[in-house]
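The chain contents come next:
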Amino acid sequence: MRVALFVTCVNDTLYPHTGRAVVTLLERLGVAVDFPLAQSCCGQVQFNTGYRRETRPLARRYADVFAGYEYVVTPSGSCAAMVRDNYPRLGEPAAAAVAPRTYELTEFLTDVLKVTDVGAYYPYTVTYHPTCHGLRMLGLGDRPRQLLTHVKGLTLRELEGADECCGFGGTFALKNPAVSAAMGADKARHVEESGAQAVCAADNSCLMHIGGTLARRGSPVRPVHIAEILASTEGDVR
Amino acid sequence: MTGAREGERARAPRTFLGMPRTRPAAFPQAAVAATEDATLRGNLTHATHTIRGKRAAAVAELPDWDRLRAAGAAIKDDTLRHLDRYLEQLEAAVTAAGGHVHWAVDAAEANAIVTRLVRETGADEVVKVKSMATQEIGLNEALAEAGIRAYETDLAELIVQLGDDLPSHILVPAIHKNRGEIRDIFRDRMADWGRPAPAGLGDRPAELAEAARLHLREKFLGAKVAVSGANFMVAESGTMVVLESEGNGRMCLTLPETLISVVGIEKVVPTWRDLEVFLQLLPRSSTAERMNPYTSTWSGPAEDDGPRDFHLVLLDNGRTDTLSDQVGRQALRCIRCSACLNVCPVYERAGGHAYGSAYPGPIGAILTPQLRGTASALDASLPYASTLCGACYEVCPVAIDIPEVLVHLRTRVAEGGTYTVRGTKAVIKPAKGHAAERAAMRAARWTMDRPRAYGAALRATTGTRRLHPRRLPGPGKAWSATRDLPPVPQEPFRAWWRRTRGAGS
């Protein structure tokens, strides 16, 4: 099987190790990965901030870049939801056509590859934050948890108020900093109270907010993308 | 809407949503005080989480909840599509039952009609059962200007009124007050409005309720005129339907001689059979009850029972403008249950007052900018008062896709466009204060749409990684005041791919 990786602009710029983990993981599962270099950004920030005109060229680019692939896999719940839910609303037929072929990483693993045990090893206590767009727009349900519970060595800790938004919300974090910070503080507190060593999610933008809040509080809990946990094997952890 | 007009028709109609005296701050600034008030945060978190849990349990009891929800949305959509027909049917049925129907294009007209009707009875006071529509139009303030005192009779509305305060929640208007604060308000203010609070009043709920009961009983027995809203209006029979939990509504609707109901035009449903769906959806979503405690229905005045005179004021106040918007019109399905407020993480931190209208929370963020427009700084900021987390859509009993409407309204704010304003097509300009943001969005799109420019931008970011500060100045402070910035990696992902996999595809 051959898939295209849509790494997302946030991961390309700030979290390349997440993209590398996706490549490692998929290749270990026998999937050939392409990375079309003409890709850039899905336009989520523009769209969600109200700049629909600035979104359309990016959606057309996405459609053009990924037109030839049966599966496009992305390690971001919100970018996957942007493509799947919002591209059909843009009045761009090509973008609408590519939408249903775009998969968030964990749903690609459980629904297309039909695996829940990806052969990972991660000897840490972890708590999982279900990001809003993954949870409510994509309807990921317990797919990420199924994958995590099969990781050897991993202890999963419950997160109080797990399905409550962390307060990131894209430009919300900048436009409404007081409310965003208040939400982030509550999320960080719940993460700390879980007793986990790491907080994981399927979206680095939410983790940037949660992790940034934890770091400012001096918390030792580190943010980690679920792809990095699933890519990790006994050879990586000594 | 056509029909008898009232007031000066020379002035332009103006949509007013019953809010504050001074020019309100934009949402982000208005929310700051609430986020810093530990007591308020505690009150809000405790109250919203309690109702949230109860609602979830009440909804989970019904195996066909999803179908009920779909039916509720479908009935509302169908009714809105043929609203003109159902409203005329309603008018005919109410008139045939002996009631009088008045049409109000905006708040000023509705207030003028109610003021005239009260004056014609010779009364200088009215009792009120909680009504969102009369809060929306600022009826109490308009009546006060005409020398007519309006007494709120719901417990929470009484607290708000005595405290010279504003409601901050649709279902629980005094959600921002705790028991001690309520006791103080009753003790200090009841005497100004009628029967004083009992001596030595404590803050136990039973004591507070008894004080309110004694205070209000005098109002019910003395009032000649009552003002209400309605949750639903049945077109086929001209029947008004009011749902409440305290019994005060039943008293208002039956004891006075004259009853005036101010109701938004979107509250009509075609038949009694349609009502069956909403009488299941509303109580479970709102108070988490299986059945509503006090459900009053009336079709015109009765000969020897209840009010002898019934007036229905049908209120537009921006609703037909909203109806003309294909995405935004779903907001008119709202049955004012407040489930969206109780699950909203932004409402929980910001409180209801920051929304600056009678409609707080997610529904307010999509309703207010449509009813009132997006011209003011506050109204233009409301569509952005959300992380788009979608919790509101999930619980909405009539399936209003609130995030979809929020993004739609953000586009109206950021890009402008052609919309219906006061009944006519108008070009709305992009809102002020978005110039820098617009330039940034355009620049980002320009870069992202050009692989060479994008690649260069990535190289520039990682190439200067050692120079990146941990805290940002200027607008970046909004992020870095409370959050560390992530470290910038040595190379972007695409550089790693090129280095290890060649040029790729």
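Residues numbered from 1 in each chain as written. Chains lettered and ligands numbered in written order. Predicted model: local features only at pLDDT ≥ 70, side-chain atom pairs only at ≥ 80, totals over all residues.

A. Representation of the sheet that holds strand E2 (residues 32-34) of chain A within the structure. Residues and elements named next belong to chain A. Overall, parallel pairing links the four strands, which are arranged E2-E1-E3-E4 in an open sheet. Each end of this open sheet is capped by a strand with a single partner; those strands are E2 and strand E4 (102-104). Sheet twist, expressed as the average angle between the axes of neighbouring strands with direction ignored, equals 35 degrees. Here strand E1 (residues 2-5) runs beside E2; their pairing, made up of three bridges, is parallel. When the sheet's bridge partners are listed, arginine 2 is paired in E2 with alanine 32. Strands E1 and E2 of the sheet are contacted by helix H2 (residues 16-28), whose axis makes an angle of about 175 degrees with E1. (Pairing = 2+ DSSP bridges. Helix = DSSP H or I, 4+ residues; strand = E, 2+ residues; numbered from the N terminus. Axes fitted to C-alpha atoms, helices over the stretch in contact; angles between N-to-C directions. Contact = placed C-beta atoms within 7 Å.)

B. Quick peek at the pairing of strand E2 (residues 125-128) of chain B. All names here are of chain B. In this structure, E2 lies alongside strand E3 (residues 149-152), joined through four bridges in parallel fashion. Counterpart to lysine 128 in the pairing with E3 is glutamate 152. One ladder, built from two bridges, connects E2 with strand E4 (residues 225-228); its direction is parallel. Residue pairing across strands places lysine 128 opposite valine 227, the latter belonging to E4.

C. Seen up close, helix H11 (residues 177-193) of chain A. Residues and elements named next belong to chain A. Spanning 17 residues, H11 covers 24 Å between terminal C-alpha atoms, matching the ideal 24 Å at 1.5 Å per step. With 13 of its 17 residues buried, H11 lies for the most part within the structure. One or two residues past the end of H11 sits glycine 195, with phi positive at roughly 80 degrees. (Expected span 1.5 Å × (residues − 1). Buried ≥ 20, exposed ≤ 12 C-beta atoms within 10 Å, placed from the backbone.)

D. Region of the structure containing the domain arrangement of chain B. By the assigned domains, chain B splits into domain 1 (27-315) and domain 2 (435-501). For domain 1 of chain B and domain 2 of chain B, the distance between their C-alpha centres works out to 52 Å. (Domains from an automatic or database assignment.)

E. Up close: the domain arrangement of chain A. All names here are of chain A. Under the domain assignment used here, chain A contains domain 1 (2-112) and domain 2 (125-231). Here domain 1 and domain 2 have C-alpha centroids that lie 21 Å from each other. In this complex, domain 1 contributes 27 residues to the contact, which on the side of domain 2 involves 22 residues. Going through the elements one at a time, helix H1 (9-14), H2, helix H3 (44-49), helix H5 (77-86) and helix H7 (105-112) are the ones with two or more residues in the side of domain 1 that touches domain 2. By residue class, the composition of the side of domain 1 that touches domain 2 is 11 nonpolar, 12 polar and four charged. (Nonpolar A, V, L, I, M, F, W, Y, C, P; charged D, E, K, R; others polar.)

F. View of the interface of chain A and chain B. Contact with chain A, which involves 54 residues of that partner, is made by 48 residues of chain B. Among the elements of the structure, H1, H2, H3, helix H4 (52-66), helix H8 (132-137), helix H10 (172-175), H11 and helix H12 (204-216) of chain A are those that each provide at least two residues to the side of chain A that touches chain B. Examining the composition of the side of chain A that touches chain B, we find that seven residues originate from one element, H11(A), more than from any other.

G. Layout of the environment of Ser286(B). Residues and elements named next belong to chain B. Inspection of the secondary structure puts serine 286 in helix H12 (residues 272-286). Along the sequence, serine 286 and isoleucine 51 sit 235 residues apart, while their C-alpha atoms lie 8.4 Å from each other. Apart from the residues within four sequence positions on either side, serine 286 is in contact with Leu171, Cys337, Ser338 and Ala339.

H. Region of the structure containing the packing of H4(A) against helix H20 (residues 435-448) of chain B. Here H4(A) crosses H20(B) at 10 degrees, and the two axes come no closer than 10 Å. Considering their axes alone, H4(A) and H20(B) lie roughly parallel with respect to each other. Every residue of H20(B) that contacts H4(A) at Glu54(A), Pro57(A) and Leu58(A) is listed here: Met441(B), Arg442(B), Arg445(B) and Met448(B). Partitioning the contact of H4(A) with H20(B) into residue classes produces four nonpolar, no polar and three charged. (Parallel < 35°, antiparallel > 145°, perpendicular 65-115°, else oblique.)

I. Representation of the confidence of the model for chain B within the structure. Mean pLDDT over chain B: 92, with 95% of residues reaching 70 or higher. Two summary scores accompany this predicted model of the complex, namely pTM at 0.95 and ipTM at 0.97. (pLDDT = per-residue confidence, 0-100.)

J. Seen up close, the sheet that holds strand E5 (residues 125-128) of chain A. Residues and elements named next belong to chain A. A sheet is described by the order of its strands in space; here four strands give the open sequence E6-E5-E7-E8, paired in parallel fashion. Looking at the sheet topology across the chains shown, the edges are occupied by strand E6 (155-157) and strand E8 (222-225). Between one strand and the next, the sheet's axes are offset by a mean angle of 40 degrees, whatever the strand orientation. Relative to E6, E5 runs parallel, the two sharing three bridges. In the sheet register, valine 126 faces E6, and the bridge partner there is leucine 156. The sheet strands contacting H12 are strand E7 (198-201) and E8, and the helix crosses E8 at an angle near 175 degrees.

K. Quick look at the environment of Phe6(A). Residue and element names in this part refer to chain A. Note on placement: phenylalanine 6 falls in the loop between E1 and H1. Looking at phenylalanine 6, the number of C-beta atoms within 10 Å reads 30, which means it is buried. The spacing of phenylalanine 6 and threonine 233 is 227 residues in sequence and 24 Å in space, taken between C-alpha atoms.

L. Representation of the environment of Gly433(B) within the structure. All names here are of chain B. Note on placement: glycine 433 falls in the loop between strand E12 (424-428) and H20. Classification of glycine 433 as exposed rests on a count of 12 C-beta atoms within 10 Å. A sequence separation of 399 residues divides glycine 433 from alanine 34, and the C-alpha atoms of the two residues are 24 Å apart.

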